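Summary of structural features
Letter by letter, the chains look like this.
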Amino acid sequence: MARIRVVVPVLDECPLFELAVPCEVFGRDRGDLSPEWYELTLCQSAAGEQKSLAGGLWLRASRGLDAIARADLVVVPACIDGGYEPPEALLTALVEAHARGARIASLCSGAFVLAAAGLLDGREVATHWMHADELRQRYPKVTVNPRALYIDDGDILTSAGTAAGIDLCLHIVRNDFGAAVAAEVGRRMVIAPQREGDQTQYASPAPLASGGGQGLAQVLDWALERLHEPLTVPRLAARAGMSTRHFVRRFHQEMGLPPIRWLTQQRIARARELLETTRLPVDAVAERSGFGTGGGMRQHFTRAVGTTPSAYRRTYQGSH
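What comes next is a walk through the structure.

Notes on the nonpolar core
- Phe-26, Tyr-38, Ile-68 and Val-173 are the most contacted members of the largest nonpolar core, which has 63 residues in total.
- Counting residues per element, this core draws most heavily on helix α5 (residues 163-177), which supplies 7 residues.
- With residues up to four places along the chain from it excluded, the contact list for Tyr-38 reads Arg-3, Ile-4, Val-6, Phe-26, Ile-172, Val-173, Asp-176 and Phe-177.
- Leu-216, Leu-236, Phe-247 and Leu-263 belong to the second largest nonpolar core, which has 17 residues in total.

This is the structure:
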């Protein structure tokens with residue numbers, strides 16, 4: 001029976017993990033799950049040449065870029081960084097494959113390759129949160145979602161960094177063969193077939209920050225020491241010696257956001273720190289970070305981080 005042809009182009013200095021992910025998911029013979037399983041091919045710009053990979057290994061793919069012409073799915077792994085300049089022949093092959101109906105997927109910084117080919121213009125895409133700003137700046141026609149683990153836009157699929165590449169590949173399996181098969185592949189890889197939340201829970205928390213020693217710095221430092229207290233805009237304004245209206249205007253000029261939003265961000269950062277480093281009950285974390293009750297914190301935390309406080313703690317401290 002016809003198998004789904006998956007082609008993975010090997011990039012210069014490609015990180016090993018992101019290259020290994022599609023090989024593990026699509027390249028293993030899982031004919032016991034479906035006789036129409038995937039057929040994986042690795043290719044490179046010059047067939048048979050050795051390519052240096054990140055980590056000091058060398059790889060030789062037997063096929064050239066002509067293999068992409070027969071692909072049902074092309075998975076572009078991560079590139080070494082956002083400044084990587086993909087071969088023009090690869091960009092042309094990707095555009096032609098997409099034009100004839102092949103699905104094109106990227107893992108992590110592989111989104112830069114798809115963007116260079118013009119395939120992401122006008123689309124919302126995912127990439128590693130550390131690369132989001134650079135991708136947005138270099139390709140202003142692309143809408144970058146720094147929170148998403150992966151985005152399925154039908155013919156174009158993109159994922160965040162490292163382990164999120166597994167999430168996307170299992171999502172593709174789920175679309176092609178159903179949830180039960182994807183769950184079984186996940187079990188064999190000893191990973192969850194679907195993860196909770198989004199990238200925000202893994203990105204470095206924004207530091208508890210004031211005005212950097214200028215302008216409102218003193219009142220902000222004062223507020224950071226009292227996040228557990230009921231802080232209101234009039235109270236902050238009084239501390240700054242200003243009218244509430246003048247304080248709000250000045251705050252927005254210096255910090256780029258309203259005072260209450262800044263306070264909420266700082267309280268989220270404090271809650272994340274406590275959830276990562278202590279075993280305090282959620283209600284105690286809520287009290288110390290200024291949310292008052294666990295219910296109030298859960299609402300703000302889930303909206304900002306994309307997962308619940310309890311699930312966030314399990315991610316960083318395990319289930320014990």
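Now that the structure has been shown, the text picks up again.
Side note on helix α13 (residues 309-317)
- Turning to α13, its buried residues are Pro-309, Ala-311, Tyr-312, Arg-313 and Gln-317.
- On its buried side, α13 packs onto α10 (259-277), α11 (282-289) and α12 (294-305).

Examining the sheet that holds strand β9 (residues 150-152)
- Spatially, the 6 strands line up as an open sheet ordered β2-β1-β5-β6-β10-β9, and their pairing is mixed. Both edges of this open sheet fall to β2 (38-43) and β9, since each of them pairs with a single strand only. Geometrically, the sheet is characterised by an average inter-axis angle of 15 degrees between neighbouring strands, direction not taken into account.
- Sheet topology note: the strand β1 (residues 4-9)/strand β5 (residues 73-76) ladder contains 2 bridges and is parallel. Its bridge partner lying in β5, Val-6 is registered against Leu-73.
- Helix-sheet contacts for α5 involve β1, β2, β5, β6 (103-106), β9 and β10 (156-159), and the interaxial angle to β10 is about 145 degrees.

Considering the pattern of salt bridges
- Counted according to the given criterion, the structure contains 16 salt bridges.
- Among the salt bridges present, the one from Glu-24 reaches Arg-30, with a minimum N-O distance of 3.4 Å.
- Exposure remark for Glu-24: the relative accessible area of 26% places this residue in the partly exposed category.
- Linking Arg-63 and Asp-66 is a salt bridge whose minimum nitrogen-to-oxygen distance equals 3.1 Å.
- Three or more residues are tied together by salt bridges with common partners; here these are Asp-32, Glu-184, Arg-187 and Arg-188.

Digging into the packing of aromatic side chains
- Under the criterion given, the structure shown has 7 aromatic pairs.
- Considering the side-chain rings of Tyr-38 and Phe-177, the 5.3 Å spacing of their centres and the 85 degrees angle between planes classify their relative orientation as edge-to-face. On the criterion of sequence distance, the pair formed by Tyr-38 in strand β2 and Phe-177 in helix α5 is long-range, its members being 139 residues apart.
- On the basis of relative accessible area, Phe-177 is assigned to the buried category, the value being 18%.
- Plain terms: the ring middles of Phe-247 and Phe-251 are 5.7 Å apart, the flat faces sit at 55 degrees to each other, and that makes the pair tilted. Here Phe-251 and Phe-247 lie together in helix α9 (residues 244-255), a separation of 4 residues that amounts to about one turn.
- Judged by its relative accessible area of 0%, Phe-247 falls in the buried class.
- Overall, Phe-251 belongs to the buried group, its relative accessible area being 0%.
- Cluster of aromatic residues (ring-pair linked, three or more members): Phe-26, Trp-37, Tyr-38 and Phe-177.

What counts as what
- Residues numbered from 1 in each chain as written.
- Predicted model: local features only at pLDDT ≥ 70, side-chain atom pairs only at ≥ 80, totals over all residues.
- Heavy atoms only, no water.
- Core = buried A, V, L, I, M, F, W, Y, C linked by side-chain atoms within 4.5 Å.
- Buried < 20%, exposed > 50% of the residue type's maximum accessible area, 1.4 Å probe, protein only.
- Helix = DSSP H or I, 4+ residues; strand = E, 2+ residues; numbered from the N terminus.
- Contact = heavy atoms within 4.5 Å.
- Pairing = 2+ DSSP bridges.
- Axes fitted to C-alpha atoms, helices over the stretch in contact; angles between N-to-C directions.
- Salt bridge = Lys/Arg side-chain N within 4 Å of Asp/Glu carboxyl O.
- Phe/Tyr/Trp six-rings, centres within 6.5 Å; stacked < 30°, edge-to-face > 60°.

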